Amino acid sequence: MIVTDDRVAPLYLAPLERQLADAGYATTSVVVPGGESSKSLAMFEKLLTAALEAGLDRKSAIVALGGGVVGDLAGFAAAAYMRGIKFVQMPTTILAHDSSVGGKVAVNHPLAKNVIGAFHQPELVLYDLDTLKTLPPREVRAGLAEVIKEGLIWDAEFVSWCEEHIRELLSLDRDALGYALYKGCGIKAEVVSRDERENDLRAILNLGHTIGHALEAVAGYGELLHGEAIAIGMVGAARLGVRLGAPQEVYEVTKRLLVAAGLPTAIPSHYDTDAIMKAMMHDKKFTEGTMLFVVPTAVGKVELNPNVSAAMVREIVDELKR
Ligand code: NAD
Ligand code: MG
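Residues numbered from 1 in each chain as written. Chains lettered and ligands numbered in written order. Predicted model: local features only at pLDDT ≥ 70, side-chain atom pairs only at ≥ 80, totals over all residues.

Undergrad: I'm lost on the packing of helix 12 (residues 273-282) against helix 13 (residues 310-320) in this one. Help?
TA: Two packed helices can be described by the angle between their axes and the distance between those axes. Running from amino to carboxyl end, helix 12 crosses helix 13 at an angle of 135°, the nearest separation of the two axes being 10 Å. Our classification of the angle between helix 12 and helix 13 gives oblique. The handedness of the crossing between helix 12 and helix 13 is right-handed. Between helix 12, through Thr273, Ile276 and Met277, and helix 13, the contact on the second element is made entirely by Arg314, Val317 and Asp318. (Axes fitted to C-alpha atoms, helices over the stretch in contact; angles between N-to-C directions. Helix = DSSP H or I, 4+ residues; strand = E, 2+ residues; numbered from the N terminus. Parallel < 35°, antiparallel > 145°, perpendicular 65-115°, else oblique. Left-handed = near helix turned anticlockwise from the far one by under 90°. Contact = placed C-beta atoms within 7 Å.)

Given below as structure tokens:
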């Protein structure tokens, strides 16, 4: 059963159906509306109904063709249907390199994001790089922010490589993009395989996300893409790292690379610092004046620091404003 959304379906569904049919597979397809609102229990039930109607059994598989929304939703249906059947991720966004690896699948609840889900690993993550050509340029840049993040948390050499190849990446050069996505997926897989259920290490994947999530929460709808918010968050984390003793280079490299990728690195000045701090306090990582923060210690290296003072974070937020 192929699951996709209504923007991806007209572009790529028919060729995939044809190729699977040619390979001898019987398929059925479900098209959900594009956008985060499809990560719902209602849509999850719709997929299970479609699966039952099509007669999927324990030997069947679900294929997610699309971005992270489709991957998370279809993956959760695969995790639950008959207590778990196989699933395949076919990401069509750059950001989905992140969501397709690691096995976290979920839908949203009206009260909170991603709170109803499972850990269910895909059999395969398969990128067709040609599908990325139809992505809006802003989605390309935002997706690259998470690719850059994989380098910043794990691999200084990959960070340098990104700097040298940023033009090729932005113009969707096949070789460069293929390498970067392979690397990005590989780093994510490596981190996750050492800590599948998020004890400690997996949290380093949240570099830039503490400030980033707060910015998303205070931004108006559609104002900041996720990747844009975490780009700003990563610059904040780099500033914090330097304050806590990391070499100045960490900040310079982080900012230079994100600027080269056409990503925002400053908080729009009309955002209210109090509101940003309040949003961060709602974040689960916050307790009594200190915060658990992913902090760079060198290029390609981070640590989880449980003692970052909220006051220092506030100063950083102010510094990030233009
Ligand atoms: P998305 O799936 O909404 O895709 C973004 C937009 O691009 C959509 O409108 C989609 O229809 C369109 N699109 C997709 N592929 C296209 C293509 N090739 N050409 C043209 N348009 C295309 O969003 P996303 O950014 O891919 O993923 C965001 C989701 O991923 C969020 O729900 C987030 O929670 C989730 N996520 C999950 C994990 C995880 O570990 N499970 C990690 C990160 C993000
Ligand atoms: Mg993210």
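Undergrad: Help me understand helix 9 (residues 209-218) in this model?
TA: Each α-helix winds once per 3.6 residues, and so residues spaced three or four apart point in a common direction. Most of helix 9 sits inside the fold, with eight of its ten residues counted as buried. Contacts from the buried residues of helix 9 go to helix 10 (226-243), helix 12, strand 9 (290-298) and helix 13. (Buried ≥ 20, exposed ≤ 12 C-beta atoms within 10 Å, placed from the backbone.)

Undergrad: For this particular structure, what's the right way to read the UniProt feature "binding site: Zn(2+)" (unreviewed entry) in the chain?
TA: Per the UniProt annotation, the sites labelled "binding site: Zn(2+)" (unreviewed entry) are Glu146, His209 and His226. Separation in sequence by 81 residues is not matched in space for these annotated residues, since their most distant C-alpha atoms are only 10.4 Å apart. Within the secondary structure layout, Glu146 lies in helix 5 (residues 137-154). You can call Glu146 buried: it has 26 C-beta atoms within 10 Å. In this structure Glu146 touches Leu95, Asp98 and Gly227, once residues within four positions along its chain are discounted. Note on placement: His209 falls in helix 9. Ignoring sequence-local partners within four residues, the contact set of His209 consists of Ile230 and Gly233. (UniProt positions renumbered as here; feature names shortened; annotations may be inferred.)

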